[in-house]
Amino acid sequence: MKPVRTLVSAVVLGATLGLAVPASAEAPFGNQTDMEMATSLWALMEYKGLAGDHAVMTRPYKGIQPHGMILELIEMPVTLHGQSGPLIVKRNYGGDGIDIDDVINDPKRYLQAVTIMLKREAGYDAENGDWFYVKYDARGNVMKNPKGMSLAGRVAKGMQTGCIACHKTAEGGDFVFNHDRYK
Ligand code: HEC
């Protein structure tokens, strides 16, 4: 019995220390590293006035699906954990029959999601332009897909729908629809 018990405790200990789970076996998105990155990024966005109560307001425009009826788009270079790259922030507003003036006058009431793309280091996701995606709710919580997976990281790499599958079709092959600056 003794050797078996020793083996069991070694496996339990290994799992506790994270040894039994190599990084490559982690889901391509929604894992702990992605969630930590998403949390630091939201804090940085609040600090930079890109999100939260003191966010800079731009003139919203009428959007198309899936992002929402009224949108705002802001872009700037950021440095996070020692790595710099462009950050694209899209604020998604919705509500019955809303128009641009409703959003300008009371943005907090209609903000439904903040979707972002952050260009990561080369090799992060080489075949998909090295973009890190997050879908936050209005308060900065990472939202989930219907399967309960958190929408942060390489969302949803290898799947037929989701951020990557759709953004792959953007003109210029840079995964960005609004322009081709990162071609
Ligand atoms: C079904 C297609 C589709 C899906 C899925 C999708 N997007 Fe988009 N996205 C678009 C389109 C089209 C635009 C450009 C039009 C606009 O401004 O809404 C866009 C624009 C953006 C932009 C502004 C940069 C750009 O590409 O112009 C960001 C940031 C963004 N999406 C993030 C996300 C995130 C994060 C997800 C996943 C949670 C996601 N998108 C899922 C179609 C999609």
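The notes below deal with the structure included here. Residue positions are given per chain, counting from 1 as you read along its sequence in written order. For this predicted model, a pLDDT threshold of at least 70 governs which residues receive local features, and a threshold of 80 or more governs which side-chain atom pairs are given and counted, while totals over whole chains, interfaces and linings are taken from all residues. With hydrogens and water set aside, each side-chain value is computed from the structure's full complement of heavy atoms.

Quick notes on the side chain of His-167
Here's step 1: Each helix corresponds to a stretch of at least 4 residues labelled H or I by DSSP, and each strand to a stretch of at least 2 residues labelled E; elements are numbered beginning at the N terminus. Among the structural elements, His-167 can be located in helix H5 (residues 163-167).
Here's step 2: Whether two residues are in contact is decided by their heavy atoms, any of which lying within 4.5 Å being enough. Once residues lying within four places of it in the same chain are set aside, the contact partners of His-167 are His-67, Met-117, Tyr-133, Phe-175 and Phe-177.

Structural notes on the packing of aromatic side chains
Here's step 1: The pairing test for Phe, Tyr and Trp rings, Trp by its six-membered ring, is centres within 6.5 Å, and the orientation test on the planes gives stacked under 30 degrees, edge-to-face over 60, and tilted for anything in between. Taken as a whole, this structure holds 3 aromatic pairs when the rule is applied.
Here's step 2: The interplanar angle of 55° and the centroid separation of 4.7 Å between the aromatic rings of Trp-42 and Tyr-136 together place this pair among those described as tilted. Here the residue Trp-42 occupies a position in helix H2 (residues 32-47), and Tyr-136 occupies one in strand E5 (residues 131-136), the gap between them amounting to 94 residues.
Here's step 3: The buried category is assigned to Trp-42, whose relative accessible area is 7%.
Here's step 4: Here, a charge over a ring means that NZ of Lys or CZ of Arg falls within 6 Å of the ring centre while also lying within 35 degrees of the ring normal. Stacked on the ring of Tyr-124, the Lys or Arg Arg-120 has its end atom at 4.3 Å from the ring centre.
Here's step 5: Its end group placed over the ring of Tyr-124, Arg-154 keeps NZ or CZ at 4.2 Å from the ring centre. The buried label goes to any residue with under 20% of its type's maximum accessible area, the exposed label to any with over 50%, and the partly exposed label to all in between, with areas taken from a 1.4 Å probe on protein chains only.

Quick look at the side chain of Asn-128
Here's step 1: By the secondary structure assignment, Asn-128 is in the loop between strand E4 (111-119) and E5.
Here's step 2: You can call Asn-128 buried: its relative accessible area is 3%.
Here's step 3: In this view, Asn-128 contacts Lys-157, Ile-164, Lys-168 and Phe-175; residues no more than four positions away in its chain are not counted.

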